[in-house]
Amino acid sequence: KSHKKEIIIIVVLMAALLVIFTGLLTPEATQTQECSMIYIPKIKDDANDFWTSLLKGAQMAANEYDVDLTILAPDSEQDFEAQVRYIDEAIAMNPNAIILSPSSKSEITEAANRIVVAGIRLVLIDSELDQNLQSIVVETDNLAAGRKMGEFILTHLPENPVIGVVSHVKSSSTAQERYQGLCEGLGDEKEHIVGTVYCDSNYEKAYNRTKALLEEHPDINILVGLNEYSAIGAGKAVRDLGLSDSILMVGFDSSIEEVQMLEEGVFNAIIVQKPFNMGYLGVEN
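Attention here is on the structure that accompanies the text. (Residues numbered from 1 in each chain as written. Predicted model: local features only at pLDDT ≥ 70, side-chain atom pairs only at ≥ 80, totals over all residues. Heavy atoms only, no water.)

**Observations regarding the pairing of strand E10 (residues 222–225)**
Item 1. Neither face of E10 is open: one carries Ile-222 and Val-224, the other Leu-223 and Gly-225, and all of them are buried.
Item 2. Two strands pair when backbone bridges link them, and strand E8 (residues 163–167) and E10 are joined in this way by four bridges, in the parallel orientation. Bridge pairing in E10 places Val-166 opposite Gly-225.
Item 3. Bridging between E10 and strand E11 (residues 248–252) involves three bridges; their strand directions are parallel. Following the sheet pairing, Val-224 is matched in E11 by Val-250.
Item 4. Where the polypeptide runs from E10 across helix H8 (residues 228–240) and back to E11, its parallel neighbour, the crossover connection is right-handed. (Buried < 20%, exposed > 50% of the residue type's maximum accessible area, 1.4 Å probe, protein only. Helix = DSSP H or I, 4+ residues; strand = E, 2+ residues; numbered from the N terminus. Pairing = 2+ DSSP bridges. Right-handed = clockwise from strand over helix to strand, strands pointing away.)

**Section: helix H4 (residues 109–117)**
Item 1. All of the buried residues along H4 are Thr-109, Ala-111, Ala-112 and Ile-115. Take H4 and look down its axis: the buried residues cluster within an arc of 165°, on one side only. Residues of H4 that are exposed and point over 90 degrees away from its buried face: Glu-110 and Val-117.
Item 2. The inward-facing, buried residues of H4 abut helix H3 (80–93), strand E5 (97–100) and strand E6 (121–125).
Item 3. Immediately beyond the C-terminal end of H4, within one or two residues, lies Gly-119, with a positive phi of roughly 80°. (Arc of directions from axis to C-beta. Contact = heavy atoms within 4.5 Å.)

**Comments concerning unusual backbone geometry**
Item 1. Backbone geometry places Asp-126, a non-glycine residue, at a positive phi of 80°.
Item 2. Residue classification places Asp-126 among the buried positions, given a relative accessible area of 3%.

**So, the packing of aromatic side chains**
Item 1. What the rule picks out here adds up to two aromatic pairs.
Item 2. Seen in terms of ring centroids, Phe-50 and Trp-51 are 5.0 Å apart; in terms of plane orientation they differ by 90°. Their pairing is edge-to-face.
Item 3. According to the relative accessible area criterion, Phe-50 is buried, its value standing at 6%.
Item 4. A relative accessible area of 2% means that Trp-51 is categorised as buried.
Item 5. For the ring pair Tyr-203 and Tyr-229, a centre distance of 4.6 Å and an interplane angle of 45° mean the geometry is tilted. Note that Tyr-203 is positioned in helix H7 (residues 203–216) and Tyr-229 in helix H8, a separation of 26 residues in sequence.
Item 6. With a relative accessible area of 22%, Tyr-203 lands in the partly exposed category.
Item 7. The class for Tyr-229 is buried, based on a relative accessible area of 3%.
Item 8. The side chain of Arg-178 reaches across the aromatic face of Phe-252, ending 3.9 Å from its centre. (Phe/Tyr/Trp six-rings, centres within 6.5 Å; stacked < 30°, edge-to-face > 60°. Lys NZ or Arg CZ within 6 Å of the ring centre and 35° of its normal.)

It is worth stressing that arrangement in space is one thing and function is another; only the former is reported here.
Okay, structure coming up:
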C-alpha cells in the first residue's frame, strides 16, 4: 500500500514535552553539595534502550554533582511488591533523596508516602502516582505523545480502519495517559479500536499477545505499540506474519531495533522520547 512507501519519524521534543514541576522545592534543594540518592526504576534491563539510556543520564548527573547514587531495581516492571520492598530498603538507608519511577499509579502510592513521612525528598521520573507526594516530576507529556500517534494515524488512514493496541503495564500512568492521548488524537476514529492487549513490558509476551490479537481480529490494518517492549514485540509479530505491507504501525521509543524496523518499513512512525535527559534532570534538580 502507498502508505508503506513513506517513512516518517515523529520526534516528541522534550523541550516541549518534558515536564518538570519544581513548586515544592525549597532553596536548599538547589545547593550543590555532596549528597546521597537512591534511584528505584521500574526495571534494570540491559536489553532495553530506554532504561539503559535513562540510567546513564542519572549516573552522569550524579558524577557531575558529586552525588552518591545507588540503584535498586526489580527484574520486572510488573513486580510491584519488589519495588515496594526496595522503597522500604531505601528509606532505611536514609538518603537525602529517593528517585522513583513508579511501576503502578496506585499500587506504589502507600510506600511512596512512607518516603515523605520519613522526611526524605521524593523525585519521580517517567511516571506518576495517583497522589502528589513528590517534590518534582520529570517525564514525557504522555498525553501529547499519544495524541501525536493518533494524529499521524488520521493523516494515513486506510479504508475501513480497524485498530489494535499493544500496551505495557495496565496500571502505569504512562500506559493510561498514552492510550488516552491516542484516543484524543484519533477523535471519532477511536471507535475503530477493536482490542487492547498488555504485555507487562515483556518482549515475548508482546510478541505472543500481538499474534493472538491478530488471529482474533484478522482485519486489523492499524497497530500501535505504546512502549519499547510492546512496540518491538508487536513489530516482530507483524513482520514474521508477513503483514508489514498491510498494517500501518506506529511504535513508541527509539531503540536500535525499532529504528531498524522503521527503516525496513515495519513501522511507519515512532514516537521518540529522551530518556537520558529524564535521568539527568531528575538527579540534577
